[in-house]
Amino acid sequence: MRKLYVVFPDEIGTIAPEIYGHFTEHIGGVIYDGIWVGKDSEVENVDGFRKFIIDKLKDIHPAVVRWPGGCFAETYNWRDGIGDERPTRLNWWTRSDGKYETNEVGTHEFMRFCELIGAEPYLAVNIASSTAREMREWVDYCNSPEGTTTCARERAANGHPEPFNVKYWGIGNESWEAGGNMSVDCYANEYRKYSELCRNVPGDKDLIACGPNTADYHWTAEFMKRMQNSRLRMRGLSMHYYCATDDKVVDFTKDEWYQVVSSAGYMDELINRHWGIIRGYKMEEYARLVIDEWGCWHPQGTGPSKGKNLLEQQSTVRDALVSAITLNVFNNNCDKVMMANVAQMVNNLHALFLSAGDKCITTPTYHVFKMFAEHQNGTAVKCCMDKEYITFNNKEGKESKVEDLTVSASYKEDAVILTITNVNADQDVEFALEAVGKKLAQDAVMTVLTHEDYRACNTFEDPDKVATYEVPIDTANPIVIPKASVVSIKASIVA
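## Concerning the overall build of the chain
Point 1. Along its length, the chain carries 10 helices and 25 strands.
Point 2. For a compact globule of 495 residues, the expected C-alpha radius of gyration is about 23 Å, and the chain comes in at 22 Å, within 12% of that figure.
Point 3. Taken along the three principal axes of its C-alpha coordinates, the chain extends 70 × 55 × 50 Å.
Point 4. Taking contacts inside the chain between residues at least 6 apart in sequence as the whole, the part at least 24 apart equals 76%.
Point 5. Charge-centre separation for the chain: the mean point of 52 positive side chains lies 5 Å from the mean point of 72 negative side chains.

## Quick notes on the nonpolar core
Point 1. In terms of nonpolar packing, the biggest core is built from 127 residues, with W169, Y187, F223, W257, I291 and F330 touching the most fellow members.
Point 2. When residues in this core are grouped by element, the largest group, 11 residues, is from helix α8 (residues 254-280).
Point 3. Contacts of F330, omitting those with residues within four sequence positions, involve I19, M267, I271, I291, W294, V337 and A340.
Point 4. By size, the runner-up hydrophobic cluster in this structure holds 26 residues, among which are V416, A444, M446 and I489.

## Looking at the pattern of salt bridges
Point 1. In the structure shown here, the tally under the stated rule is 29 salt bridges.
Point 2. The partner of R2 in a salt bridge is E388, and the shortest N-O contact between them spans 3.5 Å. Of this pair, R2 sits in the segment before β1 (3-14) while E388 is found in the loop between β16 (379-384) and β17 (389-393), placing the two residues 386 residues apart along the sequence.
Point 3. Residue E388 is classed as partly exposed on the basis of its relative accessible area of 39%.
Point 4. Of the charged contacts in the structure, one is a salt bridge between E109 and R86, with a shortest N-O distance of 3.0 Å. Note that E109 is positioned in helix α3 (residues 107-117) and R86 in the loop between β5 (64-67) and β6 (89-90), a separation of 23 residues in sequence.
Point 5. Using a relative accessible area of 16% as the deciding quantity, one classes E109 as buried.
Point 6. For R86, a relative accessible area of 22% gives the class partly exposed.

## Topic: the sheet that holds β5
Point 1. An order of β2-β5-β8-β9-β10-β11-β12-β13 is seen for the eight strands of this closed barrel, with the pairing classed as parallel. Averaged over all pairs of adjacent strands, the angle between their axes in this sheet comes to 30°, without regard to strand direction.
Point 2. With four bridges connecting them, β5 and strand β8 (residues 120-125) associate as parallel partners. Each bridged residue has a counterpart across the sheet, and for R66 the counterpart in β8 is Y122.

## As for the environment of Y168
Point 1. Relative to the helices and strands, Y168 is located in strand β9 (residues 168-171).
Point 2. Distance in space between the C-alpha atoms of Y168 and Y122 is 4.7 Å, their sequence separation being 46 residues.
Point 3. Ignoring anything within four residues of it in the chain, the contact list for Y168 reads E18, V64, E120, P121, Y122, L123, D206, I208, M338 and M339.
Point 4. In terms of polar contacts, Y168 uses its side chain to reach the side chain of E18, at 3.5 Å.

## Things to note about the packing of aromatic side chains
Point 1. All chains considered together, the criterion is met by 25 aromatic pairs.
Point 2. By way of ring pairs, the aromatic residues W67, F72, Y76, W78, F110, W138, Y141 and W169 are connected into one cluster.
Point 3. When the ring centre of F252 is taken as reference, the NZ or CZ atom of R318 above it lies at 3.9 Å.
Point 4. If you follow R455 out to its NZ or CZ, it ends over the ring of F252, 5.9 Å from the centre.

## Brief notes about the side chain of T363
Point 1. Take T363: it is sitting in the loop between β15 (359-362) and α10 (364-372).
Point 2. The class of T363 is buried, set by a relative accessible area of 1%.
Point 3. Beyond its immediate stretch of four places on either side in the chain, T363 contacts S315, A351, L352, F353, L354 and N458.

## Some words on the packing of α8 against helix α9 (residues 317-332)
Think of two packed helices as two axes; the pair is described by the angle between the axes and how far apart they sit.
Point 1. Axis separation between α8 and α9 bottoms out at 9 Å; the angle between their running directions is 15°. By the angle between their directions, the pair α8 and α9 is classed as roughly parallel. The interaxial crossing formed by α8 with α9 has right-handed handedness. Along its contact with α8, which presents E256, W257, V260, V261, A264, G265, M267, D268 and I271, the element α9 presents V317, R318, L321, V322, I325, T326, V329 and F330.
Point 2. For the contact of α8 with α9, the residue count by class is 12 nonpolar, two polar and three charged.

## So, α3
Point 1. Burial of α3 is extensive: nine of the 11 residues sit out of reach of the surface.
Point 2. Along α3, the positions that sit buried rather than exposed are T107, H108, E109, F110, M111, F113, C114, L116 and I117.
Point 3. Count one or two residues on from α3 and you reach G118, which has phi positive near 80°.

## A short note on α10
Point 1. Counting buried positions over the nine residues of α10 gives eight, a clear majority of the element.
Point 2. For α10, the set of buried residues is P364, T365, Y366, H367, V368, F369, M371 and F372.

## Focus on the pairing of strand β11 (residues 236-244)
Point 1. Most of β11 sits out of view: eight of its nine residues are buried.
Point 2. Sheet topology places β11 next to strand β12 (residues 288-297); eight bridges connect them, and they run parallel. Following the sheet pairing, C243 is matched in β12 by C296.
Point 3. As a crossover connection, the stretch from β11 through α8 into β12 is right-handed.

Calculation rules
Residues numbered from 1 in each chain as written. Predicted model: local features only at pLDDT ≥ 70, side-chain atom pairs only at ≥ 80, totals over all residues. Heavy atoms only, no water. Helix = DSSP H or I, 4+ residues; strand = E, 2+ residues; numbered from the N terminus. Rg over C-alpha atoms; globule rule 2.2 N^0.38 Å. Contact = heavy atoms within 4.5 Å. Lys, Arg positive; Asp, Glu negative; His and termini not counted. Charge placed at Lys NZ, Arg CZ, Asp CG, Glu CD. Core = buried A, V, L, I, M, F, W, Y, C linked by side-chain atoms within 4.5 Å. Buried < 20%, exposed > 50% of the residue type's maximum accessible area, 1.4 Å probe, protein only. Salt bridge = Lys/Arg side-chain N within 4 Å of Asp/Glu carboxyl O. Pairing = 2+ DSSP bridges. Axes fitted to C-alpha atoms, helices over the stretch in contact; angles between N-to-C directions. Polar contact = N/O pair within 3.5 Å; in protein donor to acceptor, adjacent residues only side chain to side chain. Phe/Tyr/Trp six-rings, centres within 6.5 Å; stacked < 30°, edge-to-face > 60°. Lys NZ or Arg CZ within 6 Å of the ring centre and 35° of its normal. Parallel < 35°, antiparallel > 145°, perpendicular 65-115°, else oblique. Left-handed = near helix turned anticlockwise from the far one by under 90°. Nonpolar A, V, L, I, M, F, W, Y, C, P; charged D, E, K, R; others polar. Right-handed = clockwise from strand over helix to strand, strands pointing away.

See below:
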């Protein structure tokens, strides 16, 4: 029988809660009719924000939320979103969906949303069409002590005398493409300028640079080279990776199931290769990885809006497996990953929620985040077991393979949490659990997320079709992980 070894003496590091971060962009139905319904809406809300989402987010302890983009940030003027008189602008996405930006949700509203759910804000700064002074003034507006500057007094006049104390600032978004179509030389110069000009504005700030798209190792290497001799006003380096598909979102084949779940595991290679470059330039202290866009990017039109909300897609058991595989990768690389932000929160790619009017449901991906929440602030430890593989035909028609299980483990105080995925669509997997360095109680609880149909998804008509259930287990006996499932096991440490 296979054995899963949890090696407690081999600690990886602390799992930062920010790894379980989120992303809300002004695109499609993410903000309007997503998290925001308006203060006068008949939909139950708190200060205009959908109460259902607020309550559900509290249950998964979201540490940080990125806003306002994404590509929306490339033309965003933060001053459009403060005060009583707010202009209507072309949204970055207007040409795609015909929607205009009313700026009803701006800085104050977003800060209130973060306050309601207990998250830190992470603001993406427009460097494609604005100036370093505009960023400096936004930081001043958010962080300067009450009454000290004109921006601080303006903030007070708009209803918030106390500073927002925003810590996380992303300087640019996808600057290699929509965010200015910059070369790495151009972006490095811009980053050095922007970061230097906001360094002496009040507040504890972690500045995050725009890093590579997926496997663009050249960008990482050249940017590290150009930052080495700078004043190093940097704490993190972003990276984006989507499991993009051209298959059907719900009615996919078994090979397409394996194609997508195997692409999720590619995140581990990306993290380690980019980190190797960062280490090569001795920049580990300044360029911890921030995976601030990740998830599945399927063809749109399968969500409840039937294409009205740009990039909205349904979320199946397959997407839940992608979520869990990716989060296991982050846990196992928590010494390298400073933050991650799943894209996006609602009515979009890889969403945790789908909503329309007074209707709102959780997706299978939401349940994964809830199952993994106890990893936050835990000490990650290494796990190992004999590997077994499943073969399938990839989208090029060639034979490929994927590991059947992924796992991560962490402990804090007197308990350990293990999260495991079984990507095998046909067979359960059985193993014996072996703790090295500690002793586990025999009585434990296993939470399971699966469905007999791995294409299953939640809908307004059947909102709990894919949901979790708990089963008691004995850690001294073989443990069975159901096919096409995500499980979490919580066991007490007794010695």
